[in-house]
Amino acid sequence: MATGGNAIRGTRVGAGPMGEQDHGHHADRVAISYWDALGNETVRYFAAGIPEEEIPEVIDSPHSGLPAGRDKENPPAVAKTEPYKTHLAYVKERRTEEEADALLDDALQQLRERRGQA
């Protein structure tokens, strides 16, 4: 017969004499609605006694991944993302050979100065 751990067969782990009320499942709660830029509504629940300052103004919407705010008429704007750059776009942004030589000379000069001071 194979047994594992010290749990009694047929019992749940963590089960005990406490009911749901003791776990806080029936605590007084307040529902707060958040809206993202696409119009998705997300409802979050907070404890009724929590101060208003501790309730966040902006959360991440689970529907879209965008920021969601409490103001339905003016939700947070969609984050601006830069389009994907190809390797050739990065090659075009590279410095010229003269600029690269000047940067290298400047870096070597600074290194020589530091070694001379040490």
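Conventions and cut-offs
Residues numbered from 1 in each chain as written. Predicted model: local features only at pLDDT ≥ 70, side-chain atom pairs only at ≥ 80, totals over all residues. Heavy atoms only, no water. UniProt positions renumbered as here; feature names shortened; annotations may be inferred. Helix = DSSP H or I, 4+ residues; strand = E, 2+ residues; numbered from the N terminus. Buried < 20%, exposed > 50% of the residue type's maximum accessible area, 1.4 Å probe, protein only. Lys, Arg positive; Asp, Glu negative; His and termini not counted. Salt bridge = Lys/Arg side-chain N within 4 Å of Asp/Glu carboxyl O. Polar contact = N/O pair within 3.5 Å; in protein donor to acceptor, adjacent residues only side chain to side chain. Contact = heavy atoms within 4.5 Å. Pairing = 2+ DSSP bridges. Axes fitted to C-alpha atoms, helices over the stretch in contact; angles between N-to-C directions. Core = buried A, V, L, I, M, F, W, Y, C linked by side-chain atoms within 4.5 Å.

With an unreviewed UniProt entry as reference, the chain is termed RNA polymerase-binding protein RbpA, source organism Microbacterium lacticum. UniProt, in the comment section headed Function (unreviewed entry), describes the chain in these words: "Binds to RNA polymerase (RNAP), stimulating transcription from principal, but not alternative sigma factor promoters." Recorded in UniProt for the chain, the comment headed Sequence similarities (unreviewed entry) runs: "Belongs to the RNA polymerase-binding protein RbpA family."

Caption draft 1: Fine view of the side chain of Asp36. Structurally, Asp36 is set in strand 1 (residues 29-36). Arg44 provides the closest opposite charge to the buried, unpaired Asp36, separated from it by 11 Å. A distance of 3.3 Å separates a polar atom in the side chain of Asp36 from a polar atom in the side chain of Ser61. Not counting residues up to four positions away in its chain, the partners in contact with Asp36 are Ser61, Ser64, Leu66, Pro67, Ala68 and Pro75.

Caption draft 2: Inspection of the sheet that holds strand 4 (residues 67-69) at higher detail. The strand order 2-1-4-3 describes an open sheet built from four strands, whose pairing is antiparallel. Strands at the two margins of the open sheet, each flanked by one partner only, are strand 2 (41-47) and strand 3 (58-60). On average, adjacent strands in this sheet sit at an angle of 40° to one another, irrespective of strand direction. Across seven bridges, the pairing between strand 1 and strand 2 is antiparallel. Bridged to Tyr34 within strand 2 is Thr42.

Caption draft 3: Representation of the nonpolar core. Counting six residues, the largest nonpolar core consists of Ile32, Tyr34, Phe46, Ile55, Ile59 and Ala68. For Ile32, the contacting residues outside a window of four places in its chain are Thr42, Val43, Arg44, Phe46, Ile55 and Arg70.

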